[in-house]
Amino acid sequence: MTNTTTSVRKIIQDLRSVYVPTPSYRKLETYFQSLLDQRRADMAAGLISHARGIVLVGQSGSGKTTAIRELIRQNRNLIEADPSQDICEFIGLQVPSPATMKFVGAATLRALGYPSSGDKQGPAIWDEVKIQLKLRQTCFLHLDEAQDLARYQTDKERQSVVNTLKSLMENSYWPTGLILSGMPDLKKIVNQDPQLARRLYPVEIGRLHAIREVEPVLDIVQKYADRAQVDTHSSVREPLFAQRLMHAADYEFGLMVELTVQALSKALISEGSEAPLRLQHYADVYFERSAAIDALNPFIAEDFARINPRQIFGYDGEGT
Ligand SMILES: Nc1ncnc2c1ncn2[C@@H]1O[C@H](COP(=O)(O)OP(=O)(O)OP(=O)(O)O)[C@@H](O)[C@H]1O
Ligand SMILES: [Mg+2]
């Protein structure tokens, strides 16, 4: 292997920092801005009204976590989101497991930089959360992996967590808007509580369409290669390639981009910027990620549509 030069490393870093805006991202941003505007207007008028929030769903690898990160980055001039500062209008955390009242409350307090003492019970922890949210002027609380709110716990426990979260948006002391993101199971959790559903704007990151998205995918690959100043070989410019790539990404937008960034990194590291990006780079990346044999590699196999791209070691579900 050749030594990775500083310039190659810089290019790869740059590729990894790119965010490709999608229709679902634009929807997310529109909702977020309207919630923020409303909140600012209410505060300026000295009003306290109920907050609303957003629920963002998509499969693993669709790009939920990245979308929220981008949302904060894009809005960093409008909203204080640095947890090390006194005022922190946006706080994010991952739902802990099991997602009991106590655990979720303690994780929220920790994200607020205010760890609670271990012996407090759920309700007392949440009282502290509410005080901290007001002190820090937190108007948005983001819970990632929110589908886990339903895992490993009883219906009763889940309902009390959901009620507590709802009360964050409704309390007249300091309403905080919830941003929930998670896998599609999250839809069920939200829909089981009509009051919660009514207070959240829904955004779904849909899956890629094997035919409609051929051109857009080829376009994204080309744009990434242009950005890296690498040429593209004809093998990554044809419709069949786009279909292979989408299948390898299990039709998830984020995974499709991630594979592309990795394939370009591979091309740059192994051959420098003189050689073009080829199908083989994708096949190599897929192999490294999955340890799949060629017959189970969507970039190589003829009948790639039957491959399960989520399995590592190329297990195809039929015992092979
Ligand atoms: N719009 C985008 N532009 C560029 N890269 C993206 C975009 N969306 C997602 N990605 C990339 O896709 C990969 C998966 O994204 P992410 O981790 O956000 O998915 P997720 O939906 O949160 O998945 P999980 O449910 O497994 O947590 C990451 O490598 C991320 O950088
Ligand atoms: Mg995520």
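Look above for the structure.
Residues numbered from 1 in each chain as written. Chains lettered and ligands numbered in written order. Predicted model: local features only at pLDDT ≥ 70, side-chain atom pairs only at ≥ 80, totals over all residues. Heavy atoms only, no water.

Another point: the packing of aromatic side chains. Enumeration over the complete set of coordinates arrives at seven aromatic pairs. The interplanar angle of 40 degrees and the centroid separation of 5.3 Å between the aromatic rings of Tyr-282 and Phe-299 together place this pair among those described as tilted. Of this pair, Tyr-282 sits in helix H12 (residues 279-290) while Phe-299 sits in the segment after H12, placing them 17 residues apart in sequence. Across the pair, exposure class does not vary: Tyr-282 and Phe-299 are buried alike. Cation over ring: Arg-39 sits above Trp-174, and NZ or CZ is 4.5 Å from the ring centre. Positioned above the aromatic ring of Tyr-201, the side-chain terminus of Arg-52 is 4.4 Å from the ring centre. (Phe/Tyr/Trp six-rings, centres within 6.5 Å; stacked < 30°, edge-to-face > 60°. Helix = DSSP H or I, 4+ residues; strand = E, 2+ residues; numbered from the N terminus. Buried < 20%, exposed > 50% of the residue type's maximum accessible area, 1.4 Å probe, protein only. Lys NZ or Arg CZ within 6 Å of the ring centre and 35° of its normal.)

Glancing now at the packing of helix H1 (residues 6-17) against helix H11 (residues 253-271). Put simply, H1 and H11 touch, their axes get as near as 10 Å, and they point 175 degrees apart. Compared by their axis directions, H1 and H11 come out roughly antiparallel. Contacts between H1 and H11 pair Val-8, Ile-11, Ile-12, Leu-15 and Arg-16 from the former with Val-261, Leu-264, Ser-265, Leu-268 and Ile-269 from the latter. Its residues assigned to classes, the contact of H1 with H11 shows eight nonpolar, one polar and one charged. (Axes fitted to C-alpha atoms, helices over the stretch in contact; angles between N-to-C directions. Parallel < 35°, antiparallel > 145°, perpendicular 65-115°, else oblique. Contact = heavy atoms within 4.5 Å. Nonpolar A, V, L, I, M, F, W, Y, C, P; charged D, E, K, R; others polar.)

Looking down a regular strand, the side chains alternate between one sheet face and the other. Within strand S1 (residues 53-57), five of the five residues are buried, which leaves the element mostly enclosed by the surrounding structure. Both faces of S1 are covered, namely the face carrying Gly-53, Val-55 and Val-57 and the face carrying Ile-54 and Leu-56. Sheet topology places S1 next to strand S5 (residues 200-204); five bridges connect them, and they run parallel. Across the sheet, the residue bridging to Ile-54 is Tyr-201, located in S5. Here S1 runs beside strand S4 (residues 177-182); their pairing, made up of four bridges, is parallel. Counted as the bridge partner of Val-57 is Gly-182 from S4. (Pairing = 2+ DSSP bridges.)

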